[in-house]
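Structure assessment
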Amino acid sequence: MTVARLEEDIQALQMQVARVSSVRQPVRQPAAASEGGSELAASLANLDPASEQAFFAEVSKIVAKLDEEKEAAAWEQELAERQQEAEDSYAEYDEVYSRLDTNVSELADKLQLGAAEVQDLKSLLTLQNDRNREITRLWSEGETSEEDLGQLFQSHRAAHRAEILALVGEAGLPAYKKYVQEGSLGGQFSFFTAPWESWVEEQPRD
């Protein structure tokens with residue numbers, strides 16, 4: 001490791017320290033950073049190789065710690081944004097619950113469902129709305145991996161499609177999908193069920 005390389009790393013470190021300091025204490029500014037860097041570089045020129053290596057190791061640790069702090073701050077900010085998005089989504093889910101009887105009645109007329117089928121439809125819409133809410137909660141908390149969330153998302157979507165198809169049949173599926181796609185059950189419900197995709201083709205075949 002050359003002195004020139006160390007000087008470059010130290011200058012980069014000073015810049016990072018200055019940025020962190022400006023966030024934590026906006027009124028404080030590093031004093032004579034360039035002069036200090038030059039003096040330090042001059043001192044390093046007299047270090048033996050072992051001392052240079054030890055010093056560089058310490059600098060690397062500090063830089064790594066600063067990077068970790070920046071990543072942690074960025075993650076904290078992302079979680080705050082997720083929580084806000086989740087609150088907006090929860091409001092949509094609550095709206096689905098409050099309009100459930102109306103939505104079921106409208107769908108029952110479009111699909112010409114019998115009394116028993118109407119109750120089944122209401123149960124399926126409630127179940128899927130609960131699933132959507134749970135996915136949002138897990139995502140907003142940030143403790144579930146993206147891979148696990150993706151698998152759960154696809155599992156819930158496939159389950160809802162199979163359940164609705166079994167209830168309304170292929171003949172009634174276009175009307176149901178159109179109703180969801182138009183946003184009658186809210187944007188989140190539409191997102192989590194993707195009614196613009198073909199559901200029949202994804203069903204397992206014997």
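Everything discussed here concerns the structure shown above.
Structural notes, computed from the coordinates.

Before going further, it helps to spend a moment on the pattern of salt bridges. Pairing between side chains of opposite charge can happen when the charged atoms of each approach one another. Enumeration according to the criterion identifies 10 salt bridges in this entry. Here the residues in one salt-bridge network are E78, R82 and E146, joined through shared partners.

Moving on, we get to the packing of helix 4 (residues 100-111) against helix 6 (residues 146-181). Remark: helix 4 packs on helix 6, axes separated minimally by 10 Å, with the N-to-C direction vectors making an angle of 135 degrees. As far as their axial angle goes, helix 6 and helix 4 are oblique. The element helix 4 and its partner helix 6 pack so that their crossing is right-handed. Here N103, E106, L107, K110 and L111 of helix 4 come into contact with helix 6, specifically with V168, G172, A175, Y176 and Y179. Partitioning the contact of helix 4 with helix 6 into residue classes produces six nonpolar, two polar and two charged.

It is worth spelling out unusual backbone geometry at this point. The backbone of Q112 sits at a positive phi, close to 55 degrees, despite the residue not being glycine. With respect to the element layout, Q112 can be found in the loop between helix 4 and helix 5 (115-141). Judged by relative accessible area, which is 71%, Q112 ranks as exposed. Even without a glycine there, the phi angle at A194 is positive, about 45 degrees. Structurally, A194 is set in the segment after helix 7 (187-193). Relative accessible area serves as the criterion here: at 0%, A194 is assigned to the buried category.

Now for the packing of helix 5 against helix 6. Two elements in contact, helix 5 and helix 6, have axes whose closest approach is 11 Å; the angle formed by their N-to-C orientations is 160 degrees. In terms of axis orientation, helix 5 runs roughly antiparallel to helix 6. You can see that helix 5 and helix 6 cross each other, and the crossing is left-handed. Seen from helix 5, the contacting residues are E117, D120, L121, L124, L125, L127, Q128, R131, I135, L138 and W139; seen from helix 6, they are L149, L152, F153, H156, A159, H160, E163, I164, L167 and Y176. In terms of residue class, the contact of helix 5 with helix 6 is built from 14 nonpolar, three polar and four charged.

So, how was this worked out
- Residues numbered from 1 in each chain as written.
- Predicted model: local features only at pLDDT ≥ 70, side-chain atom pairs only at ≥ 80, totals over all residues.
- Heavy atoms only, no water.
- Salt bridge = Lys/Arg side-chain N within 4 Å of Asp/Glu carboxyl O.
- Axes fitted to C-alpha atoms, helices over the stretch in contact; angles between N-to-C directions.
- Helix = DSSP H or I, 4+ residues; strand = E, 2+ residues; numbered from the N terminus.
- Parallel < 35°, antiparallel > 145°, perpendicular 65-115°, else oblique.
- Left-handed = near helix turned anticlockwise from the far one by under 90°.
- Contact = heavy atoms within 4.5 Å.
- Nonpolar A, V, L, I, M, F, W, Y, C, P; charged D, E, K, R; others polar.
- Buried < 20%, exposed > 50% of the residue type's maximum accessible area, 1.4 Å probe, protein only.

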